[in-house]
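Structure assessment
The primary structure of each chain is shown beneath.
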Amino acid sequence: MADDDPGVAPTVESTAEDIAAMRIRGAATIADAAAAALASQADRSEAETPAAFRRQLRAAAKSLYETRPTAVSLPNALRYVLRGTDGETVADLRKSTIARAEAFRRDLDQAQDKLGEIGANRLRDGDIVMTHCHSTDALSCIEAALDAGKEIEAIVKETRPRKQGHITARQLRERDVPVTLIVDNAARRYLDRADHVLVGADSIAADGSVVNKVGTSGLAVNARERGVPVMVAAQTIKLHPDTMTGHTVEIEMRDEREVLAAEDDLDDADDGLVVENPAFDVTPPRYVDAIVTERGQFPPESIVTLMRELFGETTDEPWEA
Ligand SMILES: O=P(O)(O)OC[C@H]1O[C@H](OP(=O)(O)O)[C@H](O)[C@@H]1O
């Protein structure tokens, strides 16, 4: 293989494409897929020297990193795997990378189960939960409550533009949860019936701000006004270490075609029309009652203590080395 050939495995390229196109989506699922892709890169690498192996692995990580900017679980997963790549020979590097990726994926599953058990403690028998978008961490809380024999109902916001609330509705119905699906604009009206708002997160900043699917912040403000507690289910891979040193979280802007379907009157008939499609927004910590992680539940303002413990004060970007 030529020296300037990055040698990125086709499976990594297809995973990167699937993440960018949101065929693979959801912060935890993206992290899992990224770790699996690095393992496959290690497995299929034809590098003949340790230096070439590492170079290819970094190139693979970089191509995955550049797919979506907001969910920090992606760089956190890449960092975790790359830091565990160790050895003096290609065979040892391959082995350690695959083992590290497998450990990451195993921990991810266990963390979600543990988080679910902790979050379920906040849900009482008979509670009605309002959800936004589709979050496997949030669903884990409801599933653990159901497993504990509690009856839970759900009011599921559709979540424009991609209507990912429909995935939540379907998965809850598979567990026989009574579900009321509503359009986003009906949320404030239905808050009067809800005992909790339960959402996931794509990133959590050091000040306890929650970056999640656009619409979360408005929902949280309305919930506060209605006296409904807001619970955020987020494994610790959603904690954004760069925010400890003042970096902000980039909000992904997606294609206008997600907003304007081809059959819409507005379509592209008007060349001057501006359509903006931010995928996420930021909910200030004062509107969040608890962040539930696999390490326990935290008031948002104290999450920085956990971040320091887990990440130290600094981070790096090993794929740029
Ligand atoms: O990790 P889990 O809890 O599954 O998902 C966390 C968050 O990821 C999703 O983003 P997107 O659909 O990838 O844009 C949603 O915003 C969801 O709340």
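Each chain carries its own residue numbering, running from 1 in the written order of its sequence. Where totals are concerned, whole chains, interfaces and linings use all residues; where local detail is concerned, this predicted model gives features only for residues with pLDDT of at least 70, and gives and counts side-chain atom pairs only at 80 or more. Neither water nor hydrogens contribute to the side-chain values; these are computed over all heavy atoms in the structure.

- Under an unreviewed UniProt entry, the name given to the protein is Ribose 1,5-bisphosphate isomerase, and the source organism is Natrinema salifodinae.
- UniProt positions are given in the numbering used here, feature names are shortened, and annotations may be inferred rather than shown by experiment. The UniProt entry for the protein carries the following comment under Catalytic activity (unreviewed entry): "alpha-D-ribose 1,5-bisphosphate = D-ribulose 1,5-bisphosphate".

**Regarding the UniProt feature "binding site: substrate" (unreviewed entry) in the protein**
- Using the residue numbers shown here, the UniProt feature "binding site: substrate" (unreviewed entry) corresponds to Arg25, Gly26, Ala27, Ala28, Arg68, Asn212, Lys213 and Lys238. In summary, the annotated positions, though distributed over 214 residues, converge in three dimensions, the widest C-alpha pair being only 14.1 Å.
- Helix and strand labels come from DSSP, where a helix needs a run of H or I of at least four residues and a strand needs a run of E of at least two; each type is numbered from the N terminus. Looking at the element boundaries, Ala27 is found in helix 2 (residues 27–44).
- Only protein chains enter the calculation, and the probe is 1.4 Å; a residue is then buried if its accessible area is under 20% of its type maximum, exposed if over 50%, and partly exposed in between. Judged by its relative accessible area of 7%, Ala27 is buried.

**Looking at unusual backbone geometry**
- For the bond running from Arg160 to Pro161, omega is 5 degrees, close enough to zero to count as cis.
- By the secondary structure assignment, Pro161 is in the loop between strand 2 (153–157) and helix 7 (165–174).
- A positive phi angle is found at Cys133, which is not glycine, with a value near 60 degrees.
- Considering the arrangement of structural elements, one finds Cys133 in the loop between strand 1 (128–131) and helix 6 (136–147).
- Notably, Asp176 is not glycine yet its phi reads approximately 65 degrees, a positive angle.

**Structural notes on the pattern of salt bridges**
- Should a side-chain nitrogen of Lys or Arg be within 4 Å of a carboxyl oxygen of Asp or Glu, the pair is scored as a salt bridge. Summed over the entire model, instances satisfying the criterion amount to 18 salt bridges.
- Of the charged contacts, one joins Asp137 and Lys238 as a salt bridge, the two residues approaching to 2.7 Å between their closest N and O atoms. Of this pair, Asp137 sits in helix 6 while Lys238 sits in the loop between strand 7 (230–233) and strand 8 (280–283), and the two are 101 residues apart along the sequence. Residue Asp137 shares its accessibility class with Lys238, and that shared class is buried.
- One salt bridge in this structure joins Asp184 and Lys157, with 3.9 Å as the shortest N-O distance. Of the two residues, Asp184 sits in the loop between strand 3 (179–182) and helix 8 (187–191) while Lys157 sits in strand 2, which places them 27 residues apart along the sequence.
- Owing to a relative accessible area of 21%, Asp184 belongs among the partly exposed residues under this scheme.
- Judged by relative accessible area, Lys157 falls into the buried class, the value being 4%.

**Here's the deal with the UniProt feature "active site" (unreviewed entry) in the protein**
- Residues annotated in UniProt with the feature "active site" (unreviewed entry) correspond here to Cys133 and Asp202. Over a stretch of 70 residues, the named residues converge on one spot in the fold, their C-alpha atoms separated by at most 11.5 Å.
- Residues contacting Cys133, with those up to four places away along its chain left out, are Arg25, Lys157, Thr159, Gln164, Gly165, Thr168 and Lys213.
- Taking the relative accessible area as the measure of exposure, Asp202 reaches 10% and is therefore buried.
- Setting aside residues no more than four positions away along its own chain, Asp202 makes contact with Ala27, Thr70, Ala71, Val72, Ser73, Val211, Asn212, Lys213, Lys238 and Phe280. Pairs of residues are marked as contacts when any of their non-hydrogen atoms sit within 4.5 Å.

**Quick look at the sheet that holds strand 3**
- DSSP calls a pair of strands paired once it identifies at least 2 bridges connecting them. One open sheet holds the seven strands; their spatial order is 3-2-1-4-7-9-10, and the pairing between them is mixed. The outermost strands of the open sheet, each flanked by one partner alone, are strand 3 and strand 10 (296–298). In this sheet, adjacent strand axes meet at a mean angle of 25 degrees when their direction is disregarded.
- The pairing of strand 1 with strand 2 spans four bridges and is parallel. Among the inter-strand pairings, Thr131 is bridged to a residue of strand 2, identified as Val156.
- Packed onto the sheet, helix 5 (residues 90–120) meets strand 7, strand 9 (290–293) and strand 10 and runs at close to 140 degrees relative to strand 9. Only C-alpha atoms enter the line fits that serve as axes; for helices the fit covers just the stretch in contact. Angles between N-to-C directions range over 0 to 180 degrees.

**Some details on the domain arrangement of the protein**
- Along its sequence, the protein is organised into domain 1 (10–114) and domain 2 (121–311).
- Its C-alpha centre places domain 1 at a distance of 26 Å from the equivalent point of domain 2.
- Counting residues at the interface gives 22 residues for domain 1 and 29 residues for domain 2.
- Reported buried area values correspond to the accessible surface (1.4 Å probe) lost by two parts on association, with both partners' losses combined. Of the roughly 1,900 Å² buried where domain 1 meets domain 2, counting both sides, 51% is carbon and sulfur surface.
- By the criterion of area lost to domain 2, the three top residues of domain 1 are Arg25, Thr70 and Gln112, representing 30% of everything that side buries.
- On the surface where domain 1 and domain 2 come into contact, there are one salt bridge.
- Note that Arg68 and Glu252 form a salt bridge whose closest N and O atoms lie 2.8 Å from each other.
- For the side of domain 1 that touches domain 2, the secondary-structure elements that each account for two or more residues are helix 2, helix 4 (73–83) and helix 5.
- Looking at side-chain class alone, the side of domain 1 that touches domain 2 contains 12 nonpolar, five polar and five charged residues. Domain boundaries shown here were taken from an automatic or database domain assignment. Residue type decides the class: Asp, Glu, Lys and Arg count as charged, Ala, Val, Leu, Ile, Met, Phe, Trp, Tyr, Cys and Pro as nonpolar, and the leftover types, Gly among them, as polar.

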